[in-house]
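Inside the fold
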Amino acid sequence: MPLYKTQNLKIYNSLSGEKEVFIPLHEGNVGMYVCGPTVYSNVHLGNVRTFMSFDVVFRYLSHLGYKVRYVRNITDVGHVVDDEDEGEDKIAKKARVEKLEPMEIVQRYTVDFHEILKEFNFLPPSIEPTATGHIIEQIEIIKKIIDNGIGYVSNGSVYFDVLKYNETHNYGILSGRNLEDMIANTRELDGQSDKRNPQDFALWKRAEPEHIMRWPSPWSDGFPGWHLECTAMSTKYLGNHFDIHGGGMDLKFPHHECEIAQNEACTGQSPVNYWMHANMLTLNGKKMAKSTGNNILPREIYAGGSPFLSKKYSPSVARFFMLQAHYRSNLDFTDDAIAASEKGFVRLMEAYDTINEITPSQSSTIDIQAWIAACYDAMNDDFNTPILIAQLFEAVRYINLLKENKETLTAEDLSLLTKAMESFLFDVLGLTNEKSLENNDKLDSVVNMLIGMRNEARANKDFALSDTIRDQLTALGINLKDGKEGTTFSIN
Ligand code: AMP
Ligand code: ZN
């Protein structure tokens, strides 16, 4: 019997503002869509946190025995600077600045995104569609919205008529915004826009002559609007009505509000049963942003080079650090906080490594079933990873007492404890048992010490010794390279 039959998973639904029992549309199956990155620059640690939140959702649903179709797109056109319809496409802008083809930018940063996610042990989604691969689907949706009287063509572009839509629907249903307030708070347009009202948003934009990213459409050679892309890609693979849609909190408005409006205007249905929004990551109390320099690249965590970090941390430590906060809480990244997480992580993994030192007994003094139930309760309560981790530390306490024979477990209960630890640590939280990069740092120091000794030998014209040091390092797969700046090394 699949686990989901005995578990009572609740998900906080941003649409209702409540935790709701999760009931998928089709028993045993889950359709989940998560807004992917706009591939115009390296992903930052904040992006990684959001995607990690949904990686854990995907992992837990799969662990429960659901067959999950997880769609996470790549936004490779149509996302304009500052999310304003009049701005320049982020990818086109980067291509112009770097004198590259937009698709070269897309390729570069898609590869980077995949590399980073692999380092942090993400599971790949089931489908990873690109916006440029779904232009035809997007044009078809626009046609329907126009036919239904809620889209209008203006100067080759197509806009969504928010006021018209709001006559029969509630624009603001997800974000809690009120259209009248939005109108009151909007500056008057300076006549530059083709929109009827400033609240309207672009479904299709006519491309300026210099714009390379363009496709033919009934209205103009142009490109789709960002919000429409996600509507097209989610409904193509999951249907007009599906289970879960996720993204960062900052996407609730306008992006997700617009997705609901588009789907309603096109199909008459609200697309999603459970809307999930992950909270932001800050750095030393401030928003992470490229423009202010207040950011850490994910790679800097394990490769070093960030002024914000006193040392390197393994990707699993970073993962552990992020999962020690609930996905709907703000999380502040500081050097001290991740250093504390590393200590906890090492303690957890060391305890796990010593389970096999425990000798089983005839009887159990610990109720392992109750402990396992508490782990599930934590995850069933809107994926509460910090509570789950607290339960895993409870298991560390058990393991230490069991090793000292202060508590006992039968062989059967011991096997249950071991299996549950493995499931939660590795399958659900996605951690790997790599502990810390401390040993790598130590190896670097030792090789540098030998390089220093070799330099001394050479200065003393003791070439026999200097050659021996180099040759023996080579035999170990550590190659020295003498250059102008001194000697460097690489490890095979
Ligand atoms: P983007 O590539 O800008 O579309 O963002 C990709 C995802 O990362 C979206 O779901 C954003 O909401 C999310 N995101 C952006 N900044 C942060 C942040 N500082 N913390 C957490 N998530 C973020
Ligand atoms: Zn999206």
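This one's a predicted model, so the numbers in the text were calculated from it and none came from an experiment.

A tally of regular secondary structure across the protein gives 16 helices and 15 strands. Taken over the C-alpha atoms alone, the protein extends approximately 80 × 70 × 35 Å along its principal axes. Here the protein holds 492 residues, and the buried ones make up 51% of them. Sequence-distant contacts in the protein: of pairs separated by 6 or more residues, those separated by 24 or more amount to 74%. Split by element, the accessible area of the protein, about 22,700 Å² in all, is 49% carbon and sulfur. With 49 positive and 68 negative side-chain charges, the protein shows a separation of 3 Å between the mean positions of the two kinds.

Burial in helix H2 (residues 90-98) covers these residues: Lys90, Ile91, Ala92, Lys94 and Ala95. The inward-facing, buried residues of H2 contact helix H3 (102-119). Two or three places before Ile91, at the start of H2, stands the capping residue Asp89, its side-chain oxygen 2.8 Å from that residue's backbone nitrogen. At the exit of H2 stands Lys99, carrying a positive phi of roughly 55 degrees.

Turning our eyes to something else, we now look at the UniProt feature "short sequence motif: 'HIGH' region" (unreviewed entry) in the protein. Taking the UniProt record as the reference, the feature "short sequence motif: 'HIGH' region" (unreviewed entry) is found at residues 37-47. Counting secondary structure, residues 37-47 comes out at 27% helix and 0% strand; the distance between its end C-alpha atoms is 8 Å.

With that settled, the discussion passes to the environment of Met288. On the secondary structure map, Met288 appears in the loop between strand S12 (286-287) and helix H9 (298-303). The class for Met288 is buried, based on a relative accessible area of 6%. Residues Met288 and His169, 119 residues apart in the sequence, show an inter-C-alpha distance of 36 Å. When near neighbours in sequence (up to four residues on either side) are disregarded, Met288 contacts His44, Leu45, Gly46, Leu281, Thr282, Leu283, Asn294, Asn295 and Ile296.

A few words now on the site of ligand 1. The environment of ligand 1 is formed by 15 residues, the closest being Gly46, Asn47, Thr50, Asp250 and Leu281. The separation between an oxygen atom of ligand 1 and a polar side-chain atom of Asn47 is 2.9 Å. Thr50 places a side-chain nitrogen or oxygen 2.6 Å from a nitrogen atom of ligand 1. Protein contact buries 90% of the 500 Å² of open area that ligand 1 shows by itself. Every element with two or more residues in the shell around ligand 1 is listed here: helix H1 (45-63) and strand S9 (242-248). No other element matches H1, which puts 4 residues into the shell around ligand 1.

Distances from the zinc ion (ligand 2) to its protein donors, Cys35 (SG), Cys230 (SG) and His255 (NE2), fall within 2.0 to 2.2 Å. In the primary structure, the donors to the zinc ion (ligand 2) are separated according to the pattern C-x194-C-x24-H. Taken together, the residues Cys35 in the loop between strand S3 (29-34) and H1 and His255 in helix H8 (residues 252-267) connect sequence positions 220 residues apart. The class for His255 is buried, based on a relative accessible area of 0%.

Right, let's talk about the packing of aromatic side chains for a bit. Tallied over the full model, the rule gives 18 aromatic pairs. Seen in terms of ring centroids, Phe58 and Tyr70 are 4.8 Å apart; in terms of plane orientation they differ by 50 degrees. Their pairing is tilted. Of the two residues, Phe58 sits in helix H1 while Tyr70 sits in strand S4 (residues 67-72), which places them 12 residues apart along the sequence. Tyr70 shares its class with Phe58; the two are buried. Here the aromatic cluster, defined as three or more aromatic residues joined through ring pairs, consists of Tyr4, Phe22, Tyr66 and Tyr274. Here Arg319 stacks its cationic end above the ring of Phe122, 5.5 Å away from the centre of that ring.

This paragraph deals with the nonpolar core. Counting 135 residues, the largest nonpolar core has Phe160, Tyr171, Phe333, Trp371, Leu417 and Met421 as its most contacted members. When residues of this core are assigned to their parent elements, the largest contribution, 10 residues, is made by H1. Once you skip the residues sitting within four places of it in the chain, Phe333 turns out to touch Leu45, Leu281, Thr282, Leu283, Asn284, Ile296, Ile301, Leu309, Phe321 and Ile338. Core analysis: the second largest hydrophobic core is formed by 6 residues, Val447, Ile451, Ile469 and Ile478 among them.

Glancing now at the packing of H1 against helix H10 (residues 315-323). It is the contact of H1 with H10, at a shortest axis distance of 10 Å, that shows an interaxial angle of 80 degrees. The pairing of H1 with H10 is recorded here as roughly perpendicular in orientation. Packed against H1, whose contacting residues are Leu45, Val48, Arg49, Met52, Asp55, Val56 and Arg59, the element H10 presents Arg319, Met322 and Leu323 at the interface. Looking at the contact of H1 with H10, its residues break down into 6 nonpolar, no polar and 4 charged.

Let us look at the sheet that holds strand S8 (residues 222-224). Remark on secondary structure: sheet strands pair via backbone hydrogen bonds, oriented parallel or antiparallel. Taken together, 4 strands build an open sheet; the order of strands is S5-S6-S7-S8 and the sheet is antiparallel. In this open sheet, the two strands that pair with only one neighbour each are strand S5 (151-154) and S8. Going across the sheet, the axis of each strand differs from the next one's by a mean of 20 degrees, ignoring polarity. The pairing of strand S6 (residues 157-160) with strand S7 (residues 201-206) spans 3 bridges and is classified as antiparallel. Residue pairing in the sheet places Val158 in a bridge with Trp204 of S7. Where helix H4 (residues 135-147) meets the sheet, its contacts fall on S5, S6, S7 and S8, and the angle it forms with S7 comes to roughly 120 degrees.

The next thing to look at is the pairing of strand S14 (residues 478-483). Pairing analysis gives 6 bridges linking S14 to strand S15 (residues 486-491), with the strands arranged antiparallel. The partner of Gly483 across the bridge, within S15, is Gly486. Turn length for the S14-S15 hairpin, with the two strands adjacent in sequence and antiparallel, is 2 residues.

Reading guide: rules and limits
- Residues numbered from 1 in each chain as written.
- Chains lettered and ligands numbered in written order.
- Predicted model: local features only at pLDDT ≥ 70, side-chain atom pairs only at ≥ 80, totals over all residues.
- Heavy atoms only, no water.
- Helix = DSSP H or I, 4+ residues; strand = E, 2+ residues; numbered from the N terminus.
- Buried < 20%, exposed > 50% of the residue type's maximum accessible area, 1.4 Å probe, protein only.
- Contact = heavy atoms within 4.5 Å.
- Areas by Shrake-Rupley, 256 points an atom, 1.4 Å probe, with all protein chains shown as cover.
- Lys, Arg positive; Asp, Glu negative; His and termini not counted.
- Charge placed at Lys NZ, Arg CZ, Asp CG, Glu CD.
- Polar contact = N/O pair within 3.5 Å; in protein donor to acceptor, adjacent residues only side chain to side chain.
- UniProt positions renumbered as here; feature names shortened; annotations may be inferred.
- Near = heavy atom within 4 Å.
- Donors = N, O, S within 2.8 Å, 3.2 Å for Na, K, Ca; no water.
- Phe/Tyr/Trp six-rings, centres within 6.5 Å; stacked < 30°, edge-to-face > 60°.
- Lys NZ or Arg CZ within 6 Å of the ring centre and 35° of its normal.
- Core = buried A, V, L, I, M, F, W, Y, C linked by side-chain atoms within 4.5 Å.
- Axes fitted to C-alpha atoms, helices over the stretch in contact; angles between N-to-C directions.
- Parallel < 35°, antiparallel > 145°, perpendicular 65-115°, else oblique.
- Nonpolar A, V, L, I, M, F, W, Y, C, P; charged D, E, K, R; others polar.
- Pairing = 2+ DSSP bridges.

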